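Summary of the model geometry
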Amino acid sequence: MPLECPKRMVYGPCGGVRPRGICEVDSRRCSFVGADAPVWPAPIPSLGASSAVLHRMSSRPVVLTDLTLDPFDLPGLRRAVRIAASSADALLVGDHQNRPDFPPTLLAQEILAAGGRPWITLTCRDRNRVVLEEEIAGLSALAVDAVLCVTGDARTASVRRGVTQVFDLDGTRLTALAAAAGLTVAVPESPHAPPTDRRAARIANKERAGAAVCVLNHVADVGTVARFLTQARAAGTSVPIIAGVAVFTDARSAAVLDGFPGLGLNPASITAVLTDADPVAAGIRAAVAEARALLALPDVAGVNLSGRACAGGGELAAEIKAEVGRQLLAG
Ligand code: SF4
């Protein structure tokens, strides 16, 4: 294991590597840049058969909606689910370093009760291996459609000073744990993040660890996704790949997406949305257009409507993404 990695990753690098190979956490050089990452030793079968969303992918592209949630607000969660559920095949729940929330299993239970199909993110930042095993057991008992297994971005120094960050596991080892427990596992990848020439092989490695589907972080242009898909198949990846679509309608929601390591937004698209007389309508148009361009690629299995969508809170964000999803599902 490269001891210099502050997230103690074995199967790195993470998706947060900055330009010129600088670490996401501080100014050191990422210890995985220029080094061969280990190959997952003993393949674990990926379990996609139990996922209704993966089943749908065989007949049409799917739409995931990444829910924007106000933390510790169950009534707000239920309202957002009721708004977004019918215009998405599944509702993705994130795990943010600066916005802790209820335990993943509780969120999944609430989404199911409100009529949604949850895809739940598990990260290794704030939960040790035992707690992750507990969440995996809970999510298995609920028969959730899928879990997104992520190493997780590190907490920035100004947030919750003195609180430890765990990283007992990384995303690949968490994938193996969840797949061995019988869950359908989705994994992320960042085509934009250095070292870009190794990102495709990382999906193949996560597939060996049990991943059944990959969800890409959004990038600035469709051509990058097309090239990445070609690289992923050349690297031996066979899992379906879902492309990321950036949803933003104001300066704040654009800034969140544009300033995050490993993500990319098209500058022309930002200008077009933010200078429009109706930026909400323009943001929806831009997201639908980006999604349709991605879905026109022959090897894209679906899209994930990601980002905060707006600064106006979870319900308004759900309305915006629901409109994008409705237009996409209508064809
Ligand atoms: S960029 Fe990520 S993988 Fe690389 S050393 Fe930093 S935390 Fe570790």
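So, on to the overall build of the chain. Of the regular secondary structure elements, the chain holds eleven helices and eight strands. For 331 residues, the compact-globule estimate of 2.2 N^0.38 gives 20 Å, and the C-alpha radius of gyration of the chain, at 18 Å, lies within 12% of that figure. C-alpha atoms of the chain, sized along the principal axes, occupy 50 × 45 × 45 Å. Counting across all 331 residues of the chain, residues that qualify as buried make up 54%. Across the chain, the fraction of contacts at a sequence separation of at least 24, relative to all contacts at a separation of at least 6, is 78%. About 13500 Å² of surface is accessible on the chain, with carbon and sulfur atoms providing 56% of the total.

Two elements in contact, helix α2 (residues 74-84) and helix α11 (residues 314-329), have axes separated by 8 Å at closest approach and are oriented at 10°. What the angle tells us is that α2 and α11 run roughly parallel. Where α2 approaches α11, its residues R79, A80, I83 and A84 are matched on the opposing element by G314, E315, A318, E319 and A322. Each residue belonging to the contact of α2 with α11 can be placed in one class, and the counts come to five nonpolar, one polar and three charged.

So, about the sheet that holds strand β3 (residues 118-123). With parallel pairing, the eight strands of this closed barrel are ordered in space as β1-β2-β3-β4-β5-β6-β7-β8. Neighbouring strand axes in the sheet, compared pairwise and without regard to direction, differ in orientation by 30° on average. Bridge count for strand β4 (residues 146-150) against strand β5 (residues 185-189) is two bridges, and the pairing is parallel. Bridging across to β5, L148 finds its partner in A186.

What the rule picks out here adds up to two aromatic pairs. Here the aromatic rings of Y11 and W40 are separated by 5.2 Å at their centres, their planes lie at 50°, and the arrangement is tilted. You can see Y11 sitting in the segment before α1 (52-56) and its partner W40 sitting in the segment before α1, a full 29 residues away along the chain. Ring geometry for F72 against F102: centres 5.2 Å apart, planes inclined by 80°, an arrangement best described as edge-to-face. With F72 in the loop between β1 (62-66) and α2 and F102 in the loop between β2 (90-93) and α3 (104-113), this residue pair connects regions lying 30 residues apart in the sequence. Judged by its relative accessible area of 47%, F72 is partly exposed.

Okay, the packing of helix α4 (residues 129-141) against helix α5 (residues 171-180) next. In a pair of packed helices, the angle between the axes and the distance between the axes together describe the arrangement. Packing of α4 against α5 leaves a shortest axis separation of 10 Å and a crossing angle of 40°. Accordingly, the angle class assigned to the pair α4 and α5 is oblique. With respect to the hand of their crossing, α4 and α5 are arranged in right-handed fashion. Of the residues in α5, those in contact with R129, L132, E133 and I136 of α4 are L174, L177 and A178.

Here we take up the pattern of salt bridges. A complete count under the given rule lists 22 salt bridges for this structure. Residue K7 is joined to E24 by a salt bridge in which the shortest nitrogen-to-oxygen separation is 2.8 Å. With K7 in the segment before α1 and E24 in the segment before α1, the pair connects residues that are 17 residues apart, well separated along the chain. Looking at K7, the relative accessible area reads 3%, which means it is buried. Take E24: its relative accessible area is 12%, and that puts it in the buried class.

Bringing unusual backbone geometry into the picture now. The peptide bond linking G12 to P13 adopts the cis configuration, its omega dihedral lying at 0°. Among the secondary structure elements, P13 is positioned in the segment before α1. Residue P195 follows P194 across a cis peptide bond; omega there is -10°. Tracing the backbone shows P195 in the loop between β5 and α6 (196-208). The phi dihedral of F167 falls on the positive side, at around 50°, and the residue is not glycine. For F167, the position within the fold is in the loop between β4 and α5. Unlike most non-glycine residues, A309 shows phi in positive territory, near 75°. Locating A309 in the fold gives a position in strand β8 (residues 302-309). Assessed through its relative accessible area of 0%, A309 is described here as buried.

Thresholds applied
Within each chain, residue numbers correspond to sequence positions counted from 1 in written order. For this predicted model, a pLDDT threshold of at least 70 governs which residues receive local features, and a threshold of 80 or more governs which side-chain atom pairs are given and counted, while totals over whole chains, interfaces and linings are taken from all residues. Values reported for side chains reflect all heavy atoms of the structure, with hydrogen atoms and water molecules removed beforehand. Segments assigned H or I by DSSP are reported as helices when at least four residues long, segments assigned E as strands when at least two residues long, and all are numbered from the N terminus. Our radius of gyration is a C-alpha quantity, and the globule rule it is checked against amounts to 2.2 Å times the number of residues to the power 0.38. Partly exposed residues are those whose accessible area sits between 20% and 50% of the maximum for their type, while under 20% is buried and over 50% is exposed, using a 1.4 Å probe and protein chains only. Residues count as neighbours in contact if any of their non-hydrogen atoms are within 4.5 Å of one another. Where accessible areas are quoted, they stem from the Shrake-Rupley method and a 1.4 Å probe; at the residue level, only the protein chains shown are allowed to cover. Note on geometry: axes are C-alpha line fits, over the in-contact stretch for helices, and angles between N-to-C directions span 0 to 180 degrees. Between 65 and 115 degrees an angle is taken as roughly perpendicular, under 35 as roughly parallel, over 145 as roughly antiparallel, and anywhere else as oblique. Residues are grouped as follows: Ala, Val, Leu, Ile, Met, Phe, Trp, Tyr, Cys and Pro are nonpolar; Asp, Glu, Lys and Arg are charged; every other residue, Gly included, is polar. Two strands pair under a simple rule: DSSP has to find at least two bridges between them. Stacked, tilted and edge-to-face are the three classes applied to pairs of Phe, Tyr and Trp rings, where Trp contributes its six-membered ring and a pair requires centres within 6.5 Å; stacked means planes under 30 degrees apart, edge-to-face means over 60, and tilted covers the rest. Should the near helix be turned anticlockwise from the far one by less than a right angle, the crossing is left-handed, and should it be turned clockwise, the crossing is right-handed. Throughout this description, the term salt bridge denotes a Lys or Arg side-chain nitrogen within 4 Å of a carboxyl oxygen of Asp or Glu.

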